[in-house]
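Structure assessment
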Amino acid sequence: MRSSNTSVPPDNELIERSAREPAVFATLFDRHASAVYRYAAQRLGDHLADDVMSETFLVAFERRSAYDLDVPDARPWLLGIATRLIRKHARVEAVAWRGMVADLAAQVAPDFIDQAGARIDAERLTRRLSTALRRLSATDRDTLLLYAWGELNYEAIAAAMQVPVGTVRSRLHRARRHLRRAAGIDNLEQETDRGRIDTAPQHS
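What counts and what doesn't
Per-chain numbering applies: the sequence of each chain, read as written, is numbered from 1 onward. Only residues with pLDDT of at least 70 get local features here, since the model is predicted, and only at 80 or more are side-chain atom pairs given and counted; chain-wide, interface and lining totals rely on the full set of residues. Excluding hydrogens and water, the side-chain figures rest on all heavy atoms present in the structure. Think of a salt bridge as a Lys or Arg side-chain nitrogen and an Asp or Glu carboxyl oxygen that are within 4 Å of each other. Accessibility here uses a 1.4 Å probe with only protein chains present; expressed as a share of the type maximum, an area under 20% marks a residue as buried, one over 50% as exposed, and anything in between as partly exposed. A run of H or I in DSSP counts as a helix once it spans at least four residues, and a run of E counts as a strand once it spans at least two, with each numbered from the N terminus. Working definition: rings of Phe, Tyr and Trp (its six-membered ring) pair if their centres are within 6.5 Å, and the pair is stacked with planes under 30 degrees apart, edge-to-face with planes over 60 apart, and tilted otherwise. We call a charge positioned over a ring when the NZ of a Lys or the CZ of an Arg lies within 6 Å of the ring centre and within 35 degrees of the ring normal. Fitted lines through C-alpha atoms give the axes, limited to the stretch in contact for helices. The angle between two N-to-C directions lies from 0 to 180 degrees. Throughout this description, any angle smaller than 35 degrees is read as roughly parallel, any larger than 145 degrees as roughly antiparallel, any in the 65 to 115 degree range as roughly perpendicular, and the remainder as oblique. Left-handed is the label given to a crossing in which the near helix is rotated counterclockwise from the far helix by less than a right angle, and right-handed is the label when the rotation is clockwise. Contacts: residue pairs with any heavy atoms within 4.5 Å of one another. Lys, Arg, Asp and Glu make up the charged group, whereas Ala, Val, Leu, Ile, Met, Phe, Trp, Tyr, Cys and Pro make up the nonpolar group; the residues left over, Gly among them, are polar.

The name an unreviewed UniProt entry gives the protein chain is RNA polymerase sigma factor, with Microbacterium schleiferi as the organism.

Counted under the stated rule, the structure contains six salt bridges. The closest approach of N and O atoms between Arg17 and Glu21, which form a salt bridge, is 3.7 Å. The class of Arg17 is partly exposed, set by a relative accessible area of 31%. By relative accessible area, Glu21 is classed as partly exposed at 36%. A salt bridge links Asp140 to Arg174, with the shortest nitrogen-to-oxygen separation between them at 2.7 Å. A residue pair is termed long-range when its members are at least 10 positions apart, and Asp140 in helix H9 (residues 138-148) and Arg174 in helix H11 (residues 165-183) qualify at 34 residues. Using a relative accessible area of 38% as the deciding quantity, one classes Arg174 as partly exposed. Each of Arg43, Arg87 and Asp142 takes part in a single network of salt bridges with overlapping partners.

Under the criterion given, the structure shown has four aromatic pairs. The lysine or arginine in question, Arg64, covers the ring of Phe61, its NZ or CZ lying 3.9 Å from the ring centre.

Contact geometry for helix H3 (residues 46-62) and helix H4 (residues 75-86): axes closest at 9 Å, N-to-C directions at 120 degrees. Judged by the inter-axis angle, H3 sits oblique to H4. As H3 runs across H4, the sense of the crossing is right-handed. Between H3 and H4, the contacting residues are Val52, Glu55, Thr56, Phe57, Val59 and Ala60 on the first element and Trp77, Leu78, Ile81, Ala82, Leu85 and Ile86 on the second. Its residues placed into classes, the contact of H3 with H4 shows ten nonpolar, one polar and one charged.

Structure, rendered in structure tokens:
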């Protein structure tokens, strides 16, 4: 009796196979396109998200021979490419911050937004956070948003940005401290990684 159980190959196997069978790379697109689109849309708006998503996979396909085949999950790599492409649209992104809605602000600062909410209304708080985001350095902002909107853990962010994990920690601490001050919260408590530091989030 034949088993009906078929294993789904991880991303690194698909990328390796795509060197011989380029069409296999389409499976990687099917698997991660929605995550790349969502991340780009949150940063730039829907009107540019399609372009960033398409270019991300075009760049990834062209550079697939350089992919580290020891890494089974290609999502950090793809979001890293998307992040670098988004930097081309800095002016558009700056405008997007001004129109930031409260739910996106809450994703960036979920653990202390309620604390500020006791003293400031949601609209004013969102404006303060959007201004604070615009004033962050590009690298600190990218790190924070890969964490908050890209849903990557510290190690995955390090891979996406090609920096040590310690650098990711420093950038996140600095960015979140800046946002706390913008929100009017003075007690800078030790931040936690909300469970992402050791275990990357699971995505279907």
